[in-house]
Amino acid sequence: MALSIKAMWNYKCPRCRVGDLFRSPLQISKPLDMYKQCSHCQQKYEPEPGYYYGAMFVSYIFLSWYILLPTLALVFYFGWSVEQAMVFAIALTVISYLIIVRASRSLWIHIMIPYNQSYAQNQPD
Ligand SMILES: [Zn+2]
């Protein structure tokens, strides 16, 4: 079993890597609008209530470091004021929030559900 960065980044089903996780195109009002199950292998995307609770921690940890490191670099290395750096941090958060939240859910389900090559090769019924 190997975690596929490509399948995770393209929001593909973790079991078959064929079906899509999220409905597209992305709607700002419903950023986490997922399919109920995979269109290819019928893997349920929310096996139990609160399944993506752990993804919240993944996005929190990733977003914190993703925002904190460049902001600290701007203040201590490039000499920006704290106010300028805060505006930068807020702008970076707004721009990248939806992508990181979706990627965290995708990472979470890819960690929990292993890839199975036999599902990838079978055609949908
Ligand atoms: Zn699938």
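This text goes with the structure placed above it.
Here is a short report on the structure shown in this document. Bear in mind the structure is a predicted one, so any value in this text is a computation, not a measurement.

### Observations concerning the environment of Met 56
Mapped onto the elements, Met 56 comes out in helix 2 (residues 53-76). A count of 13 C-beta atoms within 10 Å places Met 56 in the partly exposed class.

### Some thoughts on the nonpolar core
The biggest cluster of nonpolar side chains holds 9 residues, and these are Cys 13, Cys 16, Leu 21, Cys 38, Tyr 45, Ala 55, Leu 107, Trp 108 and Ile 109. For Cys 38, the residues in contact, after removing those within four places along its chain, are Cys 13, Arg 15, Cys 16, Gly 19 and Gln 43.

### Details of helix 3 (residues 82-112)
Of all the bends found along helix 3, the most pronounced is centred on Ser 96 and spans about 50°. Turning to helix 3, its buried residues are Ser 104, Arg 105, Ser 106, Leu 107, Trp 108, Ile 109 and His 110. Next to the buried residues of helix 3 lie helix 1 (5-9) and helix 2.

### Regarding the environment of Ile 5
Along the chain, Ile 5 turns up in helix 1. What makes Ile 5 exposed here is the crowd of 10 C-beta atoms within 10 Å. Along the primary structure Ile 5 and Ser 106 are separated by 101 residues, whereas in three dimensions their C-alpha atoms are 10.0 Å apart.

### Considerations on the packing of helix 2 against helix 3
At a minimum axis distance of 8 Å, the contact between helix 2 and helix 3 shows a crossing angle of 150°. The angle between the axes of helix 2 and helix 3 places the two elements in the roughly antiparallel class. Pair helix 2 / helix 3 crosses with right-handed handedness. Among the residues making up the contact of helix 2 with helix 3, the classes are represented as 18 nonpolar, 6 polar and 1 charged.

The rules behind the values
- Residues numbered from 1 in each chain as written.
- Predicted model: local features only at pLDDT ≥ 70, side-chain atom pairs only at ≥ 80, totals over all residues.
- Helix = DSSP H or I, 4+ residues; strand = E, 2+ residues; numbered from the N terminus.
- Buried ≥ 20, exposed ≤ 12 C-beta atoms within 10 Å, placed from the backbone.
- Core = buried A, V, L, I, M, F, W, Y, C linked by C-beta atoms within 7 Å.
- Contact = placed C-beta atoms within 7 Å.
- Bend = angle between axes of the 7 residues up to and from the residue.
- Axes fitted to C-alpha atoms, helices over the stretch in contact; angles between N-to-C directions.
- Parallel < 35°, antiparallel > 145°, perpendicular 65-115°, else oblique.
- Left-handed = near helix turned anticlockwise from the far one by under 90°.
- Nonpolar A, V, L, I, M, F, W, Y, C, P; charged D, E, K, R; others polar.

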